[in-house]
Amino acid sequence: MRRWLAEQTTPYCMLSVAILIEAGHLRALVDRVLVIDVPESVQLARLTSRDKVSETLARQMMAAQATRERRLAAADDVIANDADVSTTLEAVSRLHQRYLQMARERPPR
C-alpha cells in the first residue's frame, strides 16, 4: 500500500480498507477517514440480500467489525448511504469537490 500510495499522481487518492478502524496501524497511511454510513438495520438487510446469508450469520459478520459508533467516531467525513442513489451521488460529488480543494491547499510533501 505504501508503494502504491507513493506512485499516485492524482490530486488525492482513496484506499478502500474494510478493517481500517480495527487495524489501527493502517490509520497512519491516510490523511482522512471517510465512512459510508447506514443504520445497522439497513446494513443487515443489505448484507443478507447481497451475500444470501442468514440473519444470524449476517449479525455475526457485523459483530466482527467495528461498531457503527466506533466507525463514526473515527470518521473525518461521513456519507449517509440510506437514501436513493441520486442523493448518495450528490453527496459523493460534494465531497469530491471538497477533497480537490483540500488537495490544492495542501503544502507539497
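So, how was this worked out
Residues numbered from 1 in each chain as written. Predicted model: local features only at pLDDT ≥ 70, side-chain atom pairs only at ≥ 80, totals over all residues. Heavy atoms only, no water. Buried < 20%, exposed > 50% of the residue type's maximum accessible area, 1.4 Å probe, protein only. Helix = DSSP H or I, 4+ residues; strand = E, 2+ residues; numbered from the N terminus. Pairing = 2+ DSSP bridges. Lys, Arg positive; Asp, Glu negative; His and termini not counted. Salt bridge = Lys/Arg side-chain N within 4 Å of Asp/Glu carboxyl O. Contact = heavy atoms within 4.5 Å. pLDDT = per-residue confidence, 0-100. Core = buried A, V, L, I, M, F, W, Y, C linked by side-chain atoms within 4.5 Å. Expected span 1.5 Å × (residues − 1). Polar contact = N/O pair within 3.5 Å; in protein donor to acceptor, adjacent residues only side chain to side chain. Phe/Tyr/Trp six-rings, centres within 6.5 Å; stacked < 30°, edge-to-face > 60°.

K.L.:
With reference to specific residues and values, describe the pairing of strand β1 (residues 34–37).
P.N.:
Burial of β1 is one-sided: the residues V35 and D37 facing one way are buried, the residues L34 and I36 facing the other way are not. In this sheet, strand β2 (residues 77–80) lies alongside β1 in parallel orientation, the contact comprising 4 bridges. Bridge assignment links I36 to a residue of β2, and that residue is I79.

K.L.:
Account for the side chain of R71, naming residues and giving values.
P.N.:
Inspection of the secondary structure puts R71 in helix α4 (residues 68–74). Buried charged residue R71 carries no salt bridge. Nearest counter-charge: D37, at 5.1 Å. Excluding anything up to four places from it in sequence, R71 contacts I21, V35, Q43, Q65 and A66.

K.L.:
How would you explain the confidence of the model for the protein chain if you had to name every residue and give the values?
P.N.:
Reading predicted coordinates in detail is not appropriate for stretches of low pLDDT. Of all residues in the protein chain, 99% have pLDDT values of 70 or greater, and the mean over the chain is 93. Looking across the protein chain, the model is least confident in helix α1 (residues 2–7), with a mean pLDDT of 92, and most confident in β2, with 97.

K.L.:
Please give an account of the nonpolar core that cites residues and values.
P.N.:
Within the largest apolar cluster, 10 residues are counted, these being L20, I21, A23, L26, L29, V30, V33, V35, A66 and A75. Discounting residues that sit within four places of it in the chain, L20 has contacts with L26, R27, V30 and V33. Judged by nonpolar contacts, the second largest core, of 5 residues, contains L44, L47, A58 and M62.

K.L.:
Now, about helix α2 (residues 40–51): what can you tell me, with residues and values included?
P.N.:
For α2, with 12 residues, the first-to-last C-alpha span of 16 Å sits near the 16 Å given by 1.5 Å per residue. Against α3 (55–63) and α4 lie the buried residues of α2. Backbone geometry just after α2 places K52 at a positive phi near 55 degrees.

K.L.:
Tell me about the side chain of D77, and please be specific about residues and values.
P.N.:
The residue D77 is located in strand β2 in this model. At a separation of 2.5 Å, a polar atom in the side chain of D77 contacts the side chain of R98. Excluding residues within four positions of it along the chain, D77 makes contact with R32, V33, L34, V35, L95, R98 and Y99.

K.L.:
Give a detailed account of the packing of aromatic side chains, specifying residues and quantitative values.
P.N.:
Within this structure, the stated rule accounts for 1 aromatic pair. Ring geometry for Y12 versus Y99: centroids 5.3 Å apart, planes at 80 degrees, classification edge-to-face. With a gap of 87 residues between them, Y12 in the loop between α1 and β1 and Y99 in helix α5 (residues 85–105) connect regions that are remote in the sequence. Residue Y12 is classed as partly exposed on the basis of its relative accessible area of 23%.

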